[in-house]
Amino acid sequence: EKLANDNAEELGLLITLPYEPAEVAWRDSEGGPAANAEPGNTLRAAILFGPDNAQLIENELKALDAGSSVEILSEEWFPAELVAKSELGEESKLQGTAYPAGPFLKAPYSEGRAIRITDTDYFVVELRKP
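Draft legend 1. How the structure looks around the overall build of the protein. For the protein, the count of helices and strands is three helices and six strands. Counting helices and strands in the order they occur from the N terminus, the protein gives α-β-β-α-β-α-β-β-β. Relative to a compact globule of 130 residues, whose C-alpha radius of gyration would be 14 Å, the protein shows 13 Å and is just as compact. Seen through its C-alpha atoms, the protein measures out along the principal axes to roughly 35 × 35 × 25 Å. Considering only intrachain contacts with a sequence separation of at least 6, the fraction spanning at least 24 residues in the protein is 55%. Entry remark: accessible area of the protein is about 6,800 Å², with carbon and sulfur atoms responsible for 49%.

Draft legend 2. Representation of the confidence of the model for the protein in the model. A residue-level look at the protein finds 90% of positions with pLDDT of 70 or above and a mean pLDDT of 90. Taken as a whole, residues 31-37 scores under 50 in pLDDT and shows 16 contacts with residues more than four places along the chain or in a different chain.

Draft legend 3. Quick peek at the packing of aromatic side chains. Counting across every chain of the model gives four aromatic pairs. Between Phe104 and Phe123, the aromatic rings sit 6.3 Å apart at their centres with planes inclined by 45°, giving tilted as the arrangement. With Phe104 in the loop between strand 4 (93-100) and strand 5 (111-117) and Phe123 in strand 6 (residues 122-128), this pair connects stretches of sequence that are 19 residues apart. Considered together, Phe104 and Phe123 belong to a single accessibility category, that of buried residues. The structure contains a cluster of three or more aromatic residues connected by ring pairs, namely Phe49, Phe104 and Phe123.

Draft legend 4. Looking closely at the pairing of strand 6. The buried fraction of strand 6 amounts to seven of the seven residues, a majority that puts the element mostly inside the structure. Burial along strand 6 is two-sided: Tyr122, Val124, Glu126 and Arg128 facing one way and Phe123, Val125 and Leu127 facing the other are all buried. For strand 2 (residues 41-48) and strand 6, the ladder comprises seven bridges, and the chain directions are antiparallel. Considered in strand 6, the bridge of Arg44 is made with Glu126. For strand 5 and strand 6, the ladder comprises six bridges, and the chain directions are antiparallel. Residue pairing across strands places Ile115 opposite Val124, the latter belonging to strand 6. Hairpin connection from strand 5 to strand 6: four residues lie between these consecutive antiparallel strands, with Asp119 at a positive phi of about 60°.

Rules and cut-offs
- Residues numbered from 1 in each chain as written.
- Predicted model: local features only at pLDDT ≥ 70, side-chain atom pairs only at ≥ 80, totals over all residues.
- Heavy atoms only, no water.
- Helix = DSSP H or I, 4+ residues; strand = E, 2+ residues; numbered from the N terminus.
- Rg over C-alpha atoms; globule rule 2.2 N^0.38 Å.
- Contact = heavy atoms within 4.5 Å.
- Areas by Shrake-Rupley, 256 points an atom, 1.4 Å probe, with all protein chains shown as cover.
- pLDDT = per-residue confidence, 0-100.
- Phe/Tyr/Trp six-rings, centres within 6.5 Å; stacked < 30°, edge-to-face > 60°.
- Buried < 20%, exposed > 50% of the residue type's maximum accessible area, 1.4 Å probe, protein only.
- Pairing = 2+ DSSP bridges.

Below you can see the structure in the form of C-alpha cells.
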C-alpha cells in the first residue's frame, strides 16, 4: 500500500496544473477506482489552490459544463483537511461538484473528472488513460 506522492512538480509532468498548487497528494495506479476505470492506468489527486485561482479554475470548468453534484469517498492519504471534513459527514464522504477534467488533462490521460470539494479550495482530479 503506497502512500500518496506530495510532489507537485512530478504531478505537473503527468497532468496539467492550470495554476501553482498550494498542496497536492496523488496516486497513480493500474486500474482502480478513479473515474470508474476499467483496468488501465488511472491517477487520482487532491489539489489545493489559492482561493483566487480555485475560483478561476471553477469558472473555466463551469464555462465548459454545468457540473453535477457528487459524493465521493475520502481516501486516507488525502490532505488532513479533507479527511477531517469527510469525517463530519456520513461514511467518510465528501460533497462536491464534478466537471469534465478538460483543463487538467495531459496525454496520455484523455478523460476524467475534476471535483471541486464543497466549501473548500480543493479539487479532487480523477484521470484515466484509454
